[in-house]
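# Notes for the structure review
For reference, the chains in residue letters:
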Amino acid sequence: QVQPVESGGGLVQPGGSLRLSCAASGTIFSIRAMGWYRQAPGKERELVATITLGGSTNYADSVKGRFTISRDNAKNTVYLQMNSLKPDDTAVYFCNVVRVVGDMSYNYWGQGTQVTVSS
């Protein structure tokens with residue numbers, strides 16, 4: 001099992017910045033990718049950004065140019081730097097960890113951290 005633990009959420013004004021962190025513990029070998037998803041009230045969970053072990057990144061169109069994902073492989077930690085935040089970014093942000101063992105892929109989720117963008 002892998003336990004992702006998020007931190008860094010909070011309340012910020014429009015145009016502000018926040019940095020989320022997610023540290024993975026437990027059975028951390030064979031982690032291939034980490035990422036962030038978010039879920040706003042009444043909406044489905046959506047991808048925000050992902051990063052592979054090799055550093056390849058993928059972003060949702062809505063956050064490109066504003067958010068930056070990075071990871072520290074030695075610490076099994078992934079970060080999400082969020083700049084120029086908008087009210088539409090308000091959501092619970094979930095950390096996702098993907099392990100690959102042989103031909104099996106396993107997904108693990110954190111408990112989520114609330115991000116609220118409001119004046």
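Anything mentioned here points back to the structure above.
Residues numbered from 1 in each chain as written. Predicted model: local features only at pLDDT ≥ 70, side-chain atom pairs only at ≥ 80, totals over all residues. Heavy atoms only, no water.

Moving on: the overall build of the protein chain. Helix and strand content of the protein chain: zero helices and eleven strands. Moving toward the C terminus, one meets the helices and strands of the protein chain in the order β-β-β-β-β-β-β-β-β-β-β. Taking 2.2 N^0.38 as the reference for a compact globule, 119 residues should give roughly 14 Å; the C-alpha atoms of the protein chain span a radius of gyration of 14 Å, in line with that estimate. When its C-alpha atoms are laid out on the principal axes, the protein chain stretches across 45 × 25 × 25 Å. Scored against the burial criterion, the 119 residues of the protein chain give a buried share of 43%. The long-range fraction of contacts in the protein chain, counting pairs at least 24 apart against all pairs at least 6 apart in sequence, stands at 53%. When the accessible surface of the protein chain is totalled, it reaches about 6,200 Å², and 49% of it is carbon and sulfur. Both charge centroids of the protein chain, one from 11 positive and one from 8 negative side chains, sit 5 Å from each other. (Helix = DSSP H or I, 4+ residues; strand = E, 2+ residues; numbered from the N terminus. Rg over C-alpha atoms; globule rule 2.2 N^0.38 Å. Buried < 20%, exposed > 50% of the residue type's maximum accessible area, 1.4 Å probe, protein only. Contact = heavy atoms within 4.5 Å. Areas by Shrake-Rupley, 256 points an atom, 1.4 Å probe, with all protein chains shown as cover. Lys, Arg positive; Asp, Glu negative; His and termini not counted. Charge placed at Lys NZ, Arg CZ, Asp CG, Glu CD.)

For any pair of aromatic rings, geometry is given as the distance between the ring centres together with the angle between the planes. This model, assessed by the stated rule, comprises one aromatic pair. Between Tyr37 and Trp109, the aromatic rings sit 5.1 Å apart at their centres with planes inclined by 70 degrees, giving edge-to-face as the arrangement. Here Trp109 lies in strand β10 (residues 104-109) and Tyr37 lies in strand β4 (residues 31-39), a separation of 72 residues in the sequence. Judged by its relative accessible area of 37%, Trp109 is partly exposed. Here the guanidinium or amino end of Arg45 rests over the ring plane of Phe94, the centre of that ring lying 3.7 Å away. Stacked on the ring of Trp109, the Lys or Arg Arg45 has its end atom at 4.6 Å from the ring centre. (Phe/Tyr/Trp six-rings, centres within 6.5 Å; stacked < 30°, edge-to-face > 60°. Lys NZ or Arg CZ within 6 Å of the ring centre and 35° of its normal.)

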